[in-house]
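# Close look at the chain arrangement
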Amino acid sequence: MTEEESEKNYRSTLPGPLGPIDTWISKIEAVILAMGVILMAINTIANVIGRFVFGESLHFSEEVNRILIVMVTFAGIGYAARHGRHIRMSAIYDALPTGGRRWLMIFICLFTALVMFVLCYYSIGYIVTIYGRGRVLPSLSIPVWIMYIWVPVGFAITGIQYLLTAIKNLTSRDVYLSTHVVDGYKDTETEV
């Protein structure tokens, strides 16, 4: 099974009720990301057609794309964490033996989860502030705070994902970058 197929058919290996919860969150993320990108493409194409064929742009197109970009970005950070696609600087980490790497990964995951939950908390405060100001999007007349709902949701899901990765590393002998991605480098063929 290729890496792309394993992402498509993701099934969590976490123990107990954590596995089905993780699998369920994964499916929701996949739908949000797919629908967000598809809707952005449809919206942009419709705006281009409107502008060049009918001589009239869709006045709400920019605002819709802004909402979708925020949604895809913050749903995507949880997806990246789930599939071990986050940025790592691993010079010291790679030099450690397996046991040291596992404990360092547990610390990294717990610290990152804490940071994500703190960012979630502050983003909720930001949304409350925006809500209190009563701002609305000019074309759609939707309250601005609705657009930013995805920010704390994304931070919370990412924090949960890092917490689950820490649990996976605590309950396993291998080192995991995410709940199902084992640490290591792929051997790639080089041309001679």
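Residues numbered from 1 in each chain as written. Predicted model: local features only at pLDDT ≥ 70, side-chain atom pairs only at ≥ 80, totals over all residues. Heavy atoms only, no water.

## Overview of the overall build of the protein chain
The cut-off we apply is this: In DSSP terms, a helix is any run of H or I states spanning at least four residues, a strand is any run of E spanning at least two, and both are numbered starting from the N terminus. Only protein chains enter the accessibility calculation, which uses a 1.4 Å probe; a residue whose area is less than 20% of its type maximum is buried, one above 50% is exposed, and one in between is partly exposed. Computed with the Shrake-Rupley method and a 1.4 Å probe, the accessible areas treat only the protein chains shown as cover for residues.
The helix and strand tally for the protein chain stands at seven helices and zero strands. In the protein chain, the order of α-helices and β-strands from amino to carboxyl end is α-α-α-α-α-α-α. On the principal axes, the C-alpha backbone points of the protein chain span a range of 60 × 50 × 35 Å. Counting every position in the protein chain, which comprises 192 residues, the buried fraction comes to 36%. Accessible surface, the protein chain: about 12,100 Å² in total, of which carbon and sulfur atoms supply 68%.

## A few points about the side chain of N43
Rules: Side-chain atoms alone can form a polar contact between residues adjacent in sequence; in general such a contact is a pair of N or O atoms within 3.5 Å, and within protein one must be able to donate a hydrogen while the other accepts it. Any pair of residues with heavy atoms lying within 4.5 Å of one another is described as a contacting pair.
Looking at the secondary structure, you find N43 in helix α2 (residues 18–53). Taking relative accessible area as the criterion, N43 reaches 8% and is therefore assigned buried. Reaching out from N43, the side chain makes a polar contact with the backbone oxygen of S61 at a distance of 2.9 Å. Those residues in contact with N43 that lie beyond four places of it in its chain are L58, F60, S61, V64 and N65.

## Observations concerning the UniProt feature "transmembrane region" (unreviewed entry) in the protein chain
In plain terms, the rule: UniProt positions are given in the numbering used here, feature names are shortened, and annotations may be inferred rather than shown by experiment.
Under the local residue numbering, the UniProt record ascribes the feature "transmembrane region" (unreviewed entry) to residues 30–54, 66–82, 103–124 and 144–164. As a span, residues 30–54 carries 96% helix and 0% strand, and end to end its C-alpha atoms are 35 Å apart. Measuring from the first to the last C-alpha atom of residues 66–82 gives 25 Å, for a span that is 100% helix and 0% strand.

## Observations regarding the packing of aromatic side chains
The criterion, for reference: Stacked, edge-to-face and tilted labels apply to pairs of Phe, Tyr and Trp rings (six-membered ring for Trp) whose centres lie within 6.5 Å, assigned for plane angles under 30 degrees, over 60, and everything in between, in that order. Working rule: Lys NZ or Arg CZ, within 6 Å of ring centre, within 35 degrees of ring normal, means a charge sits over the ring.
Counted by the stated rule, this structure contains five aromatic pairs. Ring geometry for Y126 versus Y148: centroids 5.8 Å apart, planes at 70 degrees, classification edge-to-face. On the criterion of sequence distance, the pair formed by Y126 in helix α5 (residues 98–133) and Y148 in the loop between α6 (144–147) and α7 (150–170) is long-range, its members being 22 residues apart. Their ring planes at 80 degrees and their centres at 5.5 Å tell us that Y131 and W145 sit as a pair that is edge-to-face. Taken together, the positions of Y131 in helix α5 and W145 in helix α6 put the pair 14 residues apart, joining distant regions of the chain. Y131 gets classed as exposed once you look at its relative accessible area, which sits at 55%. Lying across the ring of Y176, K168 places its NZ or CZ 4.9 Å from the centre.

## Digging into the environment of G55
Structurally, G55 can be placed in the loop between α2 and α3 (61–82). A relative accessible area of 56% means that G55 is categorised as exposed. Once the C-alpha coordinates of G55 and L137 are considered, the two residues, 82 residues apart in sequence, prove to be 24 Å apart.

## Describing α3
Short version of the rule: Expected span, for any helix, means 1.5 Å times one less than how many residues it has. Here the bend at each residue means the angle between axes fitted to two seven-residue stretches, the one ending at that residue and the one beginning there.
Counted at 1.5 Å a residue, the expected span for α3 with its 22 residues is 32 Å, and the 31 Å between its end C-alpha atoms agrees. At G76, α3 is bent by approximately 25 degrees, the largest bend along its length. Directly after α3, the chain includes G84, whose backbone phi takes a positive value near 65 degrees.

## A look at unusual backbone geometry
Although it is not a glycine, S141 adopts a positive phi angle of roughly 60 degrees. Relative to the assigned elements, S141 resides in the loop between α5 and α6.

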